[in-house]
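# Fold and geometry: a report
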Amino acid sequence: MINFAVIGTNFITDRLLKAAEHCEGFRLYGVYSRTDSRAKEYAARYGAPKTYTSLEELAADANVDAVYIASPTFLHAAQSVQMLNAGKHVLCEKPIASNKAELKEMMEAADKNNRVLLEAMRPVYTPGMTAVEEGLKKIGTVRRAHFTYCQYSSRYDKFKEGIVENAFRPELSNGAIMDIGTYCIYAASYLFGKPRDIKAAGVQLEGSIDGAGTVLADYGDFIAELVYSKITNSYQVSEIQGEKGCMIIPHINIPEEVKIRYYSGEEEYLFAGDLEDDMQYELNRFMDFINDKEEKGIHKYHEASLHTMWIIDEARRQLGITFPADLN
């Protein structure tokens with residue numbers, strides 16, 4: 001049994017705890033919130049015996065084995081390092097950090113304390129993404145990848161009225177590339193590694209925050225187009241185009257369907273399934289790493305996180321988007 005505490009009492013934590021019902025060995029032990037009433041209300045809802053309004057108190061609790069962090073992005077690094085230095089394993093929401101420098105500090109803390117640090121990039125742990133990985137060898141030499149995720153944010157309506165909520169606040173290390181684009185960028189980093197170079201273009205909104213953008217990643221033998229938006233919707237599919245066929249992934253953020261359309265005209269479904277409560281896959285993988293069932297496999301995810309942050313940092317540099325966290 002692994003005792004978890006959660007930092008963040010929002011909808012994404014709700015989703016994780018619902019998914020945890022499918023995860024053997026998970027126990028919600030503690031809930032942190034800045035206010036005592038919120039911590040107690042949330043703990044009562046999910047049956048957690050302990051609450052905290054102090055991160056120092058949480059870090060000092062020897063009964064906590066692991067911490068799930070779902071706070072605003074600009075807090076991820078400091079909170080993760082604090083928990084890792086206290087001997088806790090950390091599952092941190094995406095994007096895992098504000099920039100690559102923060103991520104390296106987090107990884108150093110994990111190594112120093114012999115703890116597990118993992119980015120909660122949920123699609124990559126699903127059987128749908130496993131099917132994508134296995135299908136790459138079937139489509140021949142890859143020549144182009146096109147990953148797209150564009151979802152109009154309800155918060156954008158308020159933004160246009162002058163009400164700036166967290167999703168559009170650069171001081172929280174937010175914006176389209178961080179919230180939405182990271183799905184496309186992480187998928188490319190996980191499947192293909194670090195590109196030789198990138199070129200970025202984007203739509204910058206008032207207040208030094210991006211609303212939409214495209215990253216063109218140069219992999220030498222092929223290019224990857226990574227398209228994202230919080231101010232429009234898209235109905236395009238994601239694709240990986242090879243010399244023998246094209247792999248089609250309707251939703252890169254929830255790969256519930258993966259198929260290949262070969263140039264012979266034949267179609268092959270690699271995966272089609274319901275990924276309800278899909279956070280169970282990242283949670284189970286995280287617990288496997290804690291239990292040393294897949295000790296070496298974690299490096300692939302660490303490399304993908306590092307490459308993702310490198311791409312985002314460089315894209316933001318090209319777009320002129322700076323976070324306060326970059327100056328620390």
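Look up: the structure comes first, before these words.
Conventions we followed
Residues numbered from 1 in each chain as written. Predicted model: local features only at pLDDT ≥ 70, side-chain atom pairs only at ≥ 80, totals over all residues. Heavy atoms only, no water. Helix = DSSP H or I, 4+ residues; strand = E, 2+ residues; numbered from the N terminus. Rg over C-alpha atoms; globule rule 2.2 N^0.38 Å. Buried < 20%, exposed > 50% of the residue type's maximum accessible area, 1.4 Å probe, protein only. Contact = heavy atoms within 4.5 Å. Areas by Shrake-Rupley, 256 points an atom, 1.4 Å probe, with all protein chains shown as cover. Lys, Arg positive; Asp, Glu negative; His and termini not counted. Charge placed at Lys NZ, Arg CZ, Asp CG, Glu CD. Phe/Tyr/Trp six-rings, centres within 6.5 Å; stacked < 30°, edge-to-face > 60°. Lys NZ or Arg CZ within 6 Å of the ring centre and 35° of its normal. Pairing = 2+ DSSP bridges. Right-handed = clockwise from strand over helix to strand, strands pointing away. Axes fitted to C-alpha atoms, helices over the stretch in contact; angles between N-to-C directions. Core = buried A, V, L, I, M, F, W, Y, C linked by side-chain atoms within 4.5 Å. Parallel < 35°, antiparallel > 145°, perpendicular 65-115°, else oblique. Nonpolar A, V, L, I, M, F, W, Y, C, P; charged D, E, K, R; others polar.

## Some thoughts on the overall build of the chain
- Each helix and strand in the chain was counted, giving ten helices and 14 strands.
- Radius of gyration (C-alpha) of the chain: 20 Å, near the 20 Å computed for a compact globule of 328 residues.
- By principal-axis analysis of the C-alpha atoms, the chain measures approximately 60 × 45 × 35 Å.
- Expressed as a percentage of the 328 residues in the chain, the buried residues total 56%.
- Residue pairs at least 24 apart in sequence account for 67% of intrachain contacts in the chain once pairs closer than 6 positions are excluded.
- Taken as a whole, the chain presents about 14300 Å² of accessible surface, with 46% of it coming from carbon and sulfur.
- Considering the chain, the positive charge centre built from 36 side chains and the negative charge centre built from 48 side chains are found 1 Å apart.

## What about the packing of aromatic side chains?
- In total, this model carries 15 aromatic pairs according to the counting rule given.
- Arranged with centres 5.1 Å apart and planes meeting at 40 degrees, the rings of Phe 159 and Phe 168 form a pair that is tilted.
- Given a relative accessible area of 13%, Phe 159 falls into the buried group.
- The class for Phe 168 is buried, based on a relative accessible area of 2%.
- Among the aromatic residues, those joined into a ring-pair cluster are Tyr 125, Tyr 190, Phe 289 and Tyr 301.
- The ring of Tyr 190 has Lys 300 lying over it, and the distance from NZ or CZ to the ring centre is 4.6 Å.

## Things to note about the pairing of strand E6 (residues 117-120)
- Where burial is concerned, the two faces of E6 agree: the one with Leu 117 and Glu 119 and the one with Leu 118 and Ala 120 are both buried.
- Of the strand pairs in this sheet, strand E5 (residues 89-93) and E6 are connected by four bridges, and their pairing is parallel. Among the inter-strand pairings, Glu 93 is bridged to a residue of E6, identified as Ala 120.
- Tracing the backbone out of E5, into helix H5 (residues 100-113) and back to the parallel element E6 gives a crossover that is right-handed.

## A few points about the side chain of Gln 79
- Its place among the elements puts Gln 79 in helix H4 (residues 73-85).
- Setting aside chain neighbours within four positions, we find Gln 79 in contact with Ile 7, Leu 55, Ile 69 and Ser 71.

## Some remarks on the sheet that holds strand E7 (residues 142-150)
- The strand order across the open sheet formed by eight strands is E8-E9-E10-E7-E11-E12-E13-E14, and the pairing between neighbours is mixed. The open sheet has two free edges, formed respectively by strand E8 (197-205) and strand E14 (267-272), since each of these has just one partner strand. If you compare each strand with its neighbour and ignore which way they point, the axes differ by 10 degrees on average.
- Along the sheet, helix H6 (residues 127-135) contacts strand E11 (238-242), strand E12 (245-249), strand E13 (257-262) and E14; its crossing angle with E14, the most-contacted strand, is approximately 145 degrees.
- Contacts between helix H8 (residues 176-192) and the sheet are confined to E7, strand E9 (209-218), strand E10 (223-229) and E11, with E7 contributing the most and set at about 155 degrees to the helix.

## Remarks on the nonpolar core
- Within the largest apolar cluster, 80 residues are counted, with the highest numbers of intra-cluster contacts made by Phe 147, Phe 192, Val 215 and Ile 240.
- Sort the elements by how many residues they give to this core and H8 lands first, with 13 residues.
- Among all residues touching Phe 192, those that are not within four sequence positions of it are Leu 136, Ala 145, Phe 147, Tyr 219, Phe 222 and Ile 240.

## Comments concerning the environment of Ala 101
- Along the chain, the position of Ala 101 falls in helix H5.
- Judged by its relative accessible area of 56%, Ala 101 falls in the exposed class.
- Taking the C-alpha atoms as reference, Ala 101 lies 8.8 Å from Met 309; in sequence the two are 208 residues apart.

## Considerations on the packing of H4 against H5
- The interhelical angle for the contact between H4 and H5, taken along N-to-C directions, is 5 degrees, at an axis separation of 9 Å. On the basis of the axis angle, H4 is roughly parallel to H5. Of the residues in H5, those in contact with His 76, Ala 77, Ser 80, Val 81, Leu 84 and Asn 85 of H4 are Glu 102, Glu 105, Met 106, Ala 109, Ala 110, Lys 112 and Asn 113.
- Class assignment of the residues belonging to the contact of H4 with H5 gives a composition of six nonpolar, four polar and three charged.

## Looking at the sheet that holds strand E4 (residues 66-69)
- Strand order in the open sheet made by the six strands is E3-E2-E1-E4-E5-E6, with parallel pairing throughout. The open sheet is flanked by strand E3 (50-52) and E6, the only strands paired with a single partner. Across the sheet, the mean angle from the axis of one strand to that of its neighbour is 25 degrees, orientation sign disregarded.
- Both strand E2 (residues 26-32) and E3 contribute to a ladder of three bridges, which runs parallel. Pairing of Val 31 across the sheet is with Thr 51, part of E3.

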